[in-house]
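Spelled out from the first residue to the last, the chains are:
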Amino acid sequence: MQIVRRVRIALVVVAAFAMQHAVAQETEASNSFVVDKIIAKVDNYIVTKSELERAYQEYITNGGSASGQAKCQYLAMLVRNKLMLAKAEIDSVVVLDGEVDLNTQNRMDMIVSQSGRSVADLEELYGKTLEQVRLELRDQVREQMIVSKMEEEMTKGVAVTPSEVKRFFGKIPKDSLPYFSASVEVAQIVRVAKVSEAQKNITKGELMEIRKRLLAGENFADLARKYSDDPSVIQNGGDMGWSGRGRMVPEYEATAFKLKPNEISMPFSSPFGIHIMQLIERRGSEYNSRHILISPKPSAQDLADATHFLDSIRLLVVNDSIIFQKAAKEFSDDVTTKGNGGFFADRDGGIRLTVEDLDPIVFFKLDSMKVGEVSQPIAYRTDEGKDAVRILFYKGRIPPHEASLEADWTKIQAATLAEKKDRILQKWFQKARTDVFINIDPAYDNCGLLDER
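This is a predicted model, so every value here is computed, not measured.

A. Examining the confidence of the model for the protein chain more closely. When pLDDT is averaged along the protein chain, the result is 86; 92% of the residues meet or exceed 70. In the model of the protein chain, helix H1 (residues 2-16) stands out as the element of lowest mean pLDDT, 35, in contrast to helix H14 (residues 324-331), which has the highest, 97. When the criterion is pLDDT under 50, residues 1-34 qualifies, and its contacts beyond four places in sequence or with other chains add up to 69 contacts.

In structure tokens:
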């Protein structure tokens, strides 16, 4: 069960760390090792030894025990994914290019921002341009999205009953029950600082000055990298490439279709902030553009207003005039937690989070709080980079313990569901493998991937 779950996590990591793989290949080459080897073929798709090793090592890093069985299960998952790709091609299952591009760009933004290096340094390190890396990563992202779509279709509507969860748990040997570390239940109500019109006008003025410099002939990419808040600017210099209708937010798209080629817009607003855009070219319903984005910064008074708002909500909660969960659903600006009554949730939907799952800043704040307490408003920056204030509700703490149905129902239910889905996918593999050519390197015969079951 743990292996199957970690396989899925590892496959996501494989794509995200594509650039690190390029470095590993260069290192192996310099040490005179074999750079890579094809260990499985599924129609026109291949599984390489490095692909298997990356997924397996991620499993080890996440606490898995090294074993030949684990590596075989990872190879089985990779081969099954390639079979899904081959079958998707036969069945004409596709994903939209726009969604692939967006997902790829998000991965690239994450990799670049976490590296802490300049574009030039990264390109020198990897021996290729970031555009080349993006194209390689795009293929991996596309494959990953197709596999996910196939899995969703094959396991759509699958659920588990309470009796199935109990049977699953009952089959785990007593000496193999996992031991869970301490966990907490904590919720939040977030108020994003509302930027005043005065602050928005300041930002528009900044963009008007940049526009003047562009009209005077300064380089667009240089100014974009210096001033734009769009994280992708590091690699693209503000160039958004070709876009079709419906891909960008309505405000951006509407501006693009109003401009003439090479014209630079006046500042305009979107949910991301305030932009200026240059239309490079337009062909029918598609357009090529570049932009500079600046997100207006809230003033001290804007933050004070958000703090005052949460002070009033906290007072209502403390005086039992409203329960925290109801207040979160009504007033919180955080879309990921408000529907859950403000509670942070793990990947299985449970509200008990370990230290590893919880935001470190939140965890350290809990050190100074008592169970049942609601904190004073705390200023912070959201994942989207917005200035905000939040109050925390420390509902409960569960000490370290051996897994049990009573304390860990959500986790065990998720594991039961994952195993059930995996059985469905394995049955599909056994049936579908006869439709395509599959060849496994003899070195992995011990895995028995092609044995009849």
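Now that the structure has been shown, we can carry on.
B. The packing of helix H8 (residues 162-170) against helix H17 (residues 409-432), seen in detail. Two elements in contact, H8 and H17, have axes separated by 9 Å at closest approach and are oriented at 90 degrees. In terms of their interaxial angle, H8 and H17 are classed as roughly perpendicular. Between H8 and H17, the contacting residues are Pro162, Glu164, Val165, Lys166, Phe168 and Phe169 on the first element and Trp409, Ile412, Gln413, Ala415, Thr416, Glu419 and Lys420 on the second. In terms of residue class, the contact of H8 with H17 is built from seven nonpolar, two polar and four charged.

C. Examining the sheet that holds strand S2 (residues 45-48) more closely. The strand order S2-S1-S13 describes an open sheet built from three strands, whose pairing is antiparallel. Two strands lie at the open edges of the sheet, namely S2 and strand S13 (438-440), each paired on one side alone. Direction aside, the axes of adjacent strands within the sheet are offset by 20 degrees on average. Note: strand S1 (residues 38-42) against S13, three bridges, orientation antiparallel. Of the residues in S13, the one forming a bridge with Ala40 is Ile440. Set on the sheet, helix H3 (residues 49-61) makes contact with S1 and S2; between it and S2 the angle comes to about 55 degrees.

D. The arrangement of the side chain of Thr337 in detail. Examined against the element boundaries, Thr337 turns out to sit in helix H15 (residues 335-338). Using a relative accessible area of 4% as the deciding quantity, one classes Thr337 as buried. Among residues more than four places away in sequence, those in contact with Thr337 are Gln188, Gly342, Phe343 and Phe344.

E. Expanded view of the pattern of salt bridges. Tallying each qualifying case throughout the model produces 25 salt bridges. A salt bridge links Arg245 to Glu253; the nearest nitrogen and oxygen atoms lie 3.8 Å apart. Of the charged contacts in the structure, one is a salt bridge between Glu419 and Arg423, with a shortest N-O distance of 3.2 Å. With a gap of four residues between them, Glu419 and Arg423 both fall in helix H17, about one helical turn apart. According to the relative accessible area criterion, Glu419 is partly exposed, its value standing at 34%. When salt bridges that share partners are traced, they join Glu51, Lys82 and Glu143 into one network.

F. Region of the structure containing the side chain of Thr354. Here Thr354 shows up in strand S9 (residues 353-354). With a relative accessible area of 11%, Thr354 lands in the buried category. When residues no more than four places from it in sequence are discounted, the contact partners of Thr354 are Ser181, Ala182 and Ser183.

G. A look at the state of the cysteines. Summed over the entire model, instances satisfying the criterion amount to one disulfide. Each sulfur in the disulfide pair Cys72 and Cys447 lies 2.0 Å from the other. Judged by the sign of its S-S torsion, about -75 degrees, the bond between Cys72 and Cys447 is left-handed. Of this pair, Cys72 sits in helix H4 (residues 68-90) while Cys447 sits in the segment after S13, and the two are 375 residues apart along the sequence. Its relative accessible area of 11% is what places Cys72 among the buried residues.

H. Inspection of the packing of helix H7 (residues 130-154) against H17 at higher detail. Relative to each other, H7 and H17 sit at 105 degrees, their axes nearing to 10 Å. What the angle tells us is that H7 and H17 run roughly perpendicular. Residue-level inspection shows Met150, Glu151 and Met154 of H7 in contact with H17, the latter providing Ile424, Leu425 and Trp428. Its residues assigned to classes, the contact of H7 with H17 shows five nonpolar, no polar and one charged.

I. Highlighting helix H5 (residues 97-115). For H5, spanning 19 residues, the distance from its first C-alpha to its last is 27 Å, which sits close to the expected 27 Å at 1.5 Å a residue. All of the buried residues along H5 are Val100, Asp101, Thr104, Arg107, Met108, Asp109, Ile111 and Val112. Gly116, located one to two residues past H5, shows a positive phi value of around 70 degrees.

J. Broad picture of the packing of aromatic side chains. Scanning all chains against the criterion turns up nine aromatic pairs. With 6.0 Å between their ring centres and 75 degrees between their planes, Phe309 and Phe331 make a pair best called edge-to-face. Of this pair, Phe309 sits in helix H13 (residues 300-318) while Phe331 sits in helix H14, and the two are 22 residues apart along the sequence. Feature note: the residues Tyr56, Tyr59 and Tyr74 constitute an aromatic cluster, connected by ring pairs. Here Arg191 stacks its cationic end above the ring of Phe309, 3.8 Å away from the centre of that ring.

Conventions adopted
Residues numbered from 1 in each chain as written. Predicted model: local features only at pLDDT ≥ 70, side-chain atom pairs only at ≥ 80, totals over all residues. Heavy atoms only, no water. pLDDT = per-residue confidence, 0-100. Helix = DSSP H or I, 4+ residues; strand = E, 2+ residues; numbered from the N terminus. Contact = heavy atoms within 4.5 Å. Axes fitted to C-alpha atoms, helices over the stretch in contact; angles between N-to-C directions. Parallel < 35°, antiparallel > 145°, perpendicular 65-115°, else oblique. Nonpolar A, V, L, I, M, F, W, Y, C, P; charged D, E, K, R; others polar. Pairing = 2+ DSSP bridges. Buried < 20%, exposed > 50% of the residue type's maximum accessible area, 1.4 Å probe, protein only. Salt bridge = Lys/Arg side-chain N within 4 Å of Asp/Glu carboxyl O. Disulfide = S-S within 2.5 Å. Expected span 1.5 Å × (residues − 1). Phe/Tyr/Trp six-rings, centres within 6.5 Å; stacked < 30°, edge-to-face > 60°. Lys NZ or Arg CZ within 6 Å of the ring centre and 35° of its normal.

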